[in-house]
Amino acid sequence: MKRGLLILILLLVGLLVTLGAIEGPSFFRMVKAKDRLNNGAIAYQKGNYDEAIALFKESMELYPQMKQSKLYYAAALYAKYTLTSDPQLALDALKIYEESYKEDPTNPDVIAYIAIIHKNLADSAETEAERQEHIEQYRQWTLKRLEVPGITPKQRAEIYYTLGQGYWLESYQITQQYVVNRPPQPVSWNIPDSEIPKIKQLAQAGLEYLNKAVEIDPEYGDAWAYLNLLYFEQAKAEKDPKRKAELMRLKEEAYNRALELGKKKQQQQQQQQQQPPQK
């Protein structure tokens, strides 16, 4: 071993001993916690979630002040949940993220995780009441992302788009149950009166969010496409012929705008592909 390297190692060891003497047992727990955190991250990247969970949990117990350990632990629990669909894993991760939000309500990743966990729990809920509760929580937490400092207009538009898309899906899942005719025959719906208020409410909420998205970004093609779909959802549930015709007109306008923006985007992509590579 070279003399210079040996001296460096001895200096580092001496420094650790000195710091340990100054800081006491807490310092050594912090070092161990950092080691478990690093090894847990390696296991997580390899998809070894059981090992990652164990290492992150040990890191938390060794040195609770290390906030990264808690967040990584929750992420590993959620990752395993996506593989196993064990709701307890999702609930455990959710509890940790909610605690982390109380400590720092400006962390966008924490807010995003809370929202998506509620969405997943809604998809696997055993009762309609439980599903609706998680859906409402998902929407509320998605809106909280708007409160994060430094959020860009593009991100704001994407949040509104995400919410609008979700309202469309919920309405569509209802109306598709009442399809009378299917292609090649003209499609029609026989929606019971009891479902009409809910469909209109869902469609109206979705339209409000999507209109906010295109106000921020008038060239948001996907948002225009879903505006088209949501106007159609409202038209399906509308009994008044004049109002239905107006909704179909708005639907057509949104469709044409989405089509126009889609063609424009395609042309821009083709132009970029035709440009010679930079030297």
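Quantities reported herein were computed from a predicted structural model and do not represent experimental measurements. (Residues numbered from 1 in each chain as written. Predicted model: local features only at pLDDT ≥ 70, side-chain atom pairs only at ≥ 80, totals over all residues. Heavy atoms only, no water.)

Asks: Looking at this structure, how should I read the packing of aromatic side chains?
Replies: For any pair of aromatic rings, geometry is given as the distance between the ring centres together with the angle between the planes. Applying the stated criterion to the full structure yields 13 aromatic pairs. Here Phe 56 and Tyr 72 contribute two aromatic rings whose centre-to-centre distance is 5.4 Å and whose plane-to-plane angle is 25°, an arrangement assigned as stacked. Note that Phe 56 is positioned in helix H3 (residues 49-62) and Tyr 72 in helix H4 (residues 67-84), a separation of 16 residues in sequence. Given a relative accessible area of 0%, Phe 56 falls into the buried group. A residue is classified by how much of its surface remains accessible, and Tyr 72, at 39% relative accessible area, is partly exposed. (Phe/Tyr/Trp six-rings, centres within 6.5 Å; stacked < 30°, edge-to-face > 60°. Helix = DSSP H or I, 4+ residues; strand = E, 2+ residues; numbered from the N terminus. Buried < 20%, exposed > 50% of the residue type's maximum accessible area, 1.4 Å probe, protein only.)

Asks: Just to check I follow, could you spell out the environment of Thr 106 for this structure?
Replies: Along the chain, Thr 106 turns up in the loop between helix H5 (87-103) and helix H6 (108-123). Spatially, the C-alpha atom of Thr 106 lies 9.3 Å from that of Lys 144, the residues being 38 residues apart in sequence. Once residues within four sequence positions are removed from consideration, Thr 106 is found in contact with Val 148 and Pro 149. Separated by 2.6 Å, the side chains of Thr 106 and Asp 104 make a polar contact. (Contact = heavy atoms within 4.5 Å. Polar contact = N/O pair within 3.5 Å; in protein donor to acceptor, adjacent residues only side chain to side chain.)

These figures capture arrangement, not role.
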